[in-house]
Each structure stands twice: as C-alpha cells, then as structure tokens.
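Here is what each chain is made of, one letter per residue.
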Amino acid sequence: MSSFDYEPLLLSFKLASLTVILLFIIVLPIAWWLSQTHSKMKPLLEAIFSLPIVLPPSVLGFYLLVAFAPSTTFGEYIQKHFDIQLVFSFTGLVIASMLYSFPFMLQPLQSGFEKLNKNMIDASYLSGKGKFTTLFHVALPNIKPSLVTAIIITFAHTVGEFGVVLMVGGNIPGETKVASVAIYEMVEVMDYDQAYIYSGILLFLSFLVLLGVYTFNRAQNKKLGAFDS
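Calculation notes
Residues numbered from 1 in each chain as written. Predicted model: local features only at pLDDT ≥ 70, side-chain atom pairs only at ≥ 80, totals over all residues. Heavy atoms only, no water. Salt bridge = Lys/Arg side-chain N within 4 Å of Asp/Glu carboxyl O. Buried < 20%, exposed > 50% of the residue type's maximum accessible area, 1.4 Å probe, protein only. Axes fitted to C-alpha atoms, helices over the stretch in contact; angles between N-to-C directions. Helix = DSSP H or I, 4+ residues; strand = E, 2+ residues; numbered from the N terminus. Parallel < 35°, antiparallel > 145°, perpendicular 65-115°, else oblique. Left-handed = near helix turned anticlockwise from the far one by under 90°. Contact = heavy atoms within 4.5 Å. Nonpolar A, V, L, I, M, F, W, Y, C, P; charged D, E, K, R; others polar. Phe/Tyr/Trp six-rings, centres within 6.5 Å; stacked < 30°, edge-to-face > 60°. Lys NZ or Arg CZ within 6 Å of the ring centre and 35° of its normal.

J.: Got a minute to help me understand the pattern of salt bridges in this structure?
T.: Side chains bearing opposite charge may pair, as long as their charged atoms lie close to each other. Counting across every chain of the model gives 2 salt bridges. With a shortest N-O distance of 2.6 Å, lysine 177 and glutamate 185 are connected by a salt bridge. Assessed through its relative accessible area of 12%, lysine 177 is described here as buried. A relative accessible area of 21% places glutamate 185 in the partly exposed class.

J.: Any chance you could explain the packing of helix H2 (residues 42-54) against helix H5 (residues 90-114) here in plain terms?
T.: The axes of two packed helices give the description: the angle between them and the distance between them. Running from N to C, H2 and H5 cross one another at 130°; their axes reach a closest spacing of 6 Å. On the basis of the axis angle, H2 is oblique to H5. Crossing angle aside, the handedness with which H2 passes H5 is left-handed. When H2 is examined against H5, the residues Lys42, Glu46, Phe49, Ser50, Pro52 and Ile53 are found in contact with a partner set consisting of Leu99, Tyr100, Phe102, Pro103, Phe104, Leu106, Gln107, Gln110 and Glu114. Classifying every residue of the contact of H2 with H5 by side-chain character gives 9 nonpolar, 3 polar and 3 charged.

J.: Whenever I open this one, the packing of aromatic side chains confuses me. Can you help?
T.: The description of an aromatic ring pair uses the distance of the two centres, along with the angle that the planes make with each other. Across all of its chains, the model carries 8 aromatic pairs by this definition. Here tryptophan 32 and phenylalanine 113 contribute two aromatic rings whose centre-to-centre distance is 5.1 Å and whose plane-to-plane angle is 80°, an arrangement assigned as edge-to-face. Note that tryptophan 32 is positioned in helix H1 (residues 7-36) and phenylalanine 113 in helix H5, a separation of 81 residues in sequence. A relative accessible area of 8% places tryptophan 32 in the buried class. When the centroid spacing of 4.6 Å and the interplanar angle of 40° are considered together, the rings of phenylalanine 132 and phenylalanine 136 count as tilted. Taken together, the residues phenylalanine 132 and phenylalanine 136, both in helix H7 (residues 131-139) and 4 residues apart, mark about one turn of the helix. Between lysine 14 and the ring centre of phenylalanine 90, over which it is positioned, the NZ or CZ distance is 4.7 Å.

Function cannot be inferred from these measures alone, as they are strictly geometric.
Right under this line is the structure:
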C-alpha cells in the first residue's frame, strides 16, 4: 500500500472552516431578519434559500459550473477585474460550498431566533438598545444550542460534499482534491485500502459531530430545566 496522503483531508477541513466562517457572517443577519419579519416575501425567500437541501448536488454543481465559466458574463467579469478563476480553483470551491451549505447554517439560526421569548426582545428595544446590540447581546447568547448546531452541521456537511465540489473544482491535488473526491478516485483505481482509511476517518468524524451536538444540546436543555424549576 502506498503512503497515506493527508492533504485531501486537510484541504477538506480548510474548505469547511472557511465556509463556516464566511457563511456565519453572511447568514446571521439574514436569519435574524427572517425570524422577525412579517413580509409576504418570506415564504418565497425561505424556499429559495432551502433549495440546496432538495436539489441534487450534481444539478447545483452543473449550474455553478456554467455560471463560473470564463465564457460567461459573471465568470469573465470576476477573472478580468479580480484575476480570480472560479472554475477548478479553491476560491470557486469555497463559493460553491457556501451556496450548497447555506440552508444548513440558516435554518438552525432562524429556528433559534424564532423560539426566543418575544418579551425579551421587546424589553431590549424598550430599554433603548438598537437592533445590532439586541442581536449580539440579547438574542445570540440565548440560542447557543441552535448556534452550535448550525456551525457543526455546516462544517460536517461541507466536509462530506462530493457532487458540487467535483463538478466545480474537479480533482486537482493540493487545490480542489478534497477527501470525498479522493475516496471516489481511490475506488476508481481499486485502491480500497486508501479508500477505507479516508472513509473511516470521515465516518468517525461524522459520529463525533453528531455526538457533540446531541451532548451539548442535552446539557443546555438540562440547564434551562434547572433554571425554570
């Protein structure tokens, strides 16, 4: 058996970490607004944001591949003005992963905000606190289970991506060859020993992720129960 290559795993973790950080910054105000608004556009926006959950990854990957191509207006503009190639590059992989994992960050945060006691939010506004202060100092600290769930599930979901990353990023070692793609490559060349190692590591990490989420949420629920009693 050839020496094990850790680079795809490290690249997967790098991609997942960047995706989580960038998505949290972008999604947080959106989740807060959706939880507070009574706009008639809310169901439409929620449906659009949730599309990646039900859309086959290959379909999303295909549309992103077409949109990111240098021959398109968007792809040409990005490459011409920012000197960034989105197709078969790590940058394109990050953007694609953000779009694919968007609802996994959005839905737990929105759900957490919607479950907050409205009197607490109203009291914050009545005391003179603005929307920014209310969000970061009142709302966010009180949805820790939802926050942890959003971050961990988004990270795990990004690590496990295959269809989107293969379509947009391809299989470039050190650039776009993440762990899921490496497993596919190993199976193609019948190198099952390497495939077992990659798959085993991802299986173990996935289990740890779910165990961590359930353990943390159970501990938080116990604290809330003790506080209420």
